[in-house]
Amino acid sequence: MKGLFKISPGYEDVMPQEYLDLVNNGPYGKNYGVDDLGTFKELLEEHPLCAGCGLALSMRLVLASLPAPEDTIMVGSTGCSSLAFTQVAVHNIHSLFGNQNAVATGLKRALKIRFPDKVKDVVVMAGDGATVDIGLDMVMHSWFRREKITTIMLDNEAYANTGGQESGMSQQNAVLNMAPTGKKFPKIALPEVAKASGCAYVGVVSPAQPKRLGDMVRKAILIAREVGPTYLQLYSPCPTNYKFKSRETMQKIKERMESGMFEVMEYITPEAEAFLAEMKEGDKQ
Ligand SMILES: Cc1ncc(C[n+]2csc(CCOP(=O)(O)OP(=O)(O)O)c2C)c(N)n1
Ligand code: SF4
Ligand SMILES: [Mg+2]
């Protein structure tokens, strides 16, 4: 399993130790979970995301929760996360901003033809701008077609990578560098859109609930294998664009929860629920 990622022969001695660790200690074939973080390598610690970035934490937790990292292909899109995608120990593909669910659809179908007897999980992980604004067309149509892929939104409520424009996911009245008078419209209820568009499982969570997040990632991916599309929305505050200290990220989530503006949510169709119960029964036996 460890041969999944290889460094070209002759380059081993010039690769930084941290990168060698990533290649040699990736999470393959071990069934790791968020409790095991720190015992294996899923992302370089020296990734280029800002200190205290909520999105970096969400990425780590997602990567640590994949049910089969060796058979997972992540599809990313332009944005802050794309800067760290090159430094994760799981196969991943970068797609043009907004195209991620179309790329994931093609990939899932091609993998089914190429490996008919194997399970290959295709997981989209992209920013809120890529998911709810510029890529919404592609996202929704993949749900309408019931593509068996998981879509994960890293919701930092802004176009962070381009310096702070408002996104559909920003809260009403949010003030950002390039929205100085405040956003005029409310946050888009994408989980509701996902439900109405045919997703078999929809969840909203944040890295302040790491175990729950890990659990929800596993459910979303397992259900997407057999039942239909799944959607997860991870509230991941951005200290740089929302101008709070890097150590206050968790505090921000807590404040949001206390004010009732953020709550963990799960929706599951009866079919997906029956599938999970069946799996559990199978595991027991
Ligand atoms: C087709 C296209 N349109 C616009 C851009 C410019 N662009 C790059 S990143 C970005 C915003 C990303 O926002 P989001 O998806 O929320 O990710 P974040 O940076 O917040 O993580 C934009 C508009 C681009 N690269 N490609
Ligand atoms: S700008 Fe925000 S989202 Fe982007 S890396 Fe920095 S803290 Fe994270
Ligand atoms: Mg964003």
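Our subject is the structure that appears above.
Per chain, residue numbering runs from 1 following the sequence as it is written. All chains are assigned letters beginning at A, and all ligands numbers beginning at 1, according to the order in which they are written. Predicted model: local features are reported for residues with pLDDT of at least 70 only, side-chain atom pairs are reported and counted for 80 or more only, and whole-chain, interface and lining totals are derived from all residues.

S.K.: So what about the site of ligand 2? Which residues, and what values?
M.R.: Note on definitions: a residue is near a molecule or strand provided its C-beta atom, placed from the backbone, lies within 6 Å of it. In the neighbourhood of ligand 2, the contacting residues comprise Leu49, Cys50, Cys53, Leu55, Cys80, Asn156, Ala160, Asn161, Cys238, Pro239, Thr240 and Asn241. The helix count covers DSSP runs of H or I at least four residues long, the strand count covers runs of E at least two residues long, and both are numbered beginning at the N terminus. The element that contributes the greatest number of residues to the shell around ligand 2 is helix H9 (residues 239-242), accounting for 3 residues. Three classes are used, and their members are as follows: Ala, Val, Leu, Ile, Met, Phe, Trp, Tyr, Cys and Pro are nonpolar, Asp, Glu, Lys and Arg are charged, and the others, Gly among them, are polar. Here the shell around ligand 2 is composed, by residue class, of 8 nonpolar, 4 polar and no charged.

S.K.: For the site of ligand 1, give the residues involved together with the corresponding values.
M.R.: Near ligand 1 you find 21 residues, and of these Gly79, Phe97, Gly127, Gly129 and Asn161 are the closest. Elements with a contribution of two residues or more to the shell around ligand 1: helix H3 (80-85) and helix H5 (128-134). Per-element tally for the shell around ligand 1: the top contributor is H5, with 4 residues. Of the residues in the shell around ligand 1, the class split is 10 nonpolar, 10 polar and 1 charged.

S.K.: Can you tell me about helix H4 (residues 100-114), naming the residues and giving the values?
M.R.: By definition here, a helix of n residues has an expected span of 1.5 Å times n minus one. Under the 1.5 Å per step criterion, the end-to-end length of H4 is 21 Å for 15 residues, consistent within 8% with the ideal 21 Å. Any residue surrounded by 20 or more other C-beta atoms within 10 Å of its C-beta is treated as buried, while 12 or fewer makes it exposed and the intermediate range makes it partly exposed; C-beta atoms here are placed from the backbone. Those residues of H4 not exposed but buried are Gln100, Asn101, Val103, Ala104 and Thr105. Packing partners of the buried residues in H4 comprise strand E1 (72-77), strand E2 (92-95), strand E3 (121-127), H5, helix H6 (136-144) and strand E4 (150-155). The contact criterion used is a C-beta to C-beta distance within 7 Å, with each C-beta placed from the backbone.

S.K.: Please give an account of the sheet that holds E1 that cites residues and values.
M.R.: Think of it this way: DSSP has to see at least two bridges between two strands before they count as a pair. As summarised here, the arrangement of the 7 strands in space is E2-E1-E3-E4-E6-E5-E7, forming an open sheet in which the pairing is mixed. Pairing within the sheet leaves two strands with one partner each, and these edge strands are E2 and strand E7 (265-268). Strand-to-strand twist across the sheet, computed as the mean angle between neighbouring axes with direction ignored, equals 15°. An axis is simply a line fitted to the C-alpha atoms; with a helix, the fit covers only the stretch in contact. Between two such axes, the angle follows the N-to-C directions and lies from 0 to 180 degrees. Contacts from helix H8 (residues 210-226) reach E3, E4, strand E5 (201-205), strand E6 (230-235) and E7 within the one sheet, and its direction differs from that of E5 by about 160°.

S.K.: Requested: an account of H6, with residues and values cited.
M.R.: All of the buried residues in H6 are Met138, Val139, Ser142 and Trp143. One side of H6 holds all its buried residues, which, seen down the axis, span an arc of 135°. Exposed positions of H6 whose direction lies more than 90 degrees from the buried face are Asp137 and Phe144. Along its buried surface, H6 packs onto H4, H5, E4 and helix H7 (190-196). Arg146, located one to two residues past H6, shows a positive phi value of around 60°. Note that the arc is computed from the directions linking the helix axis to the C-beta atoms.

The quantities given are spatial measurements derived from coordinates; they are silent on function.
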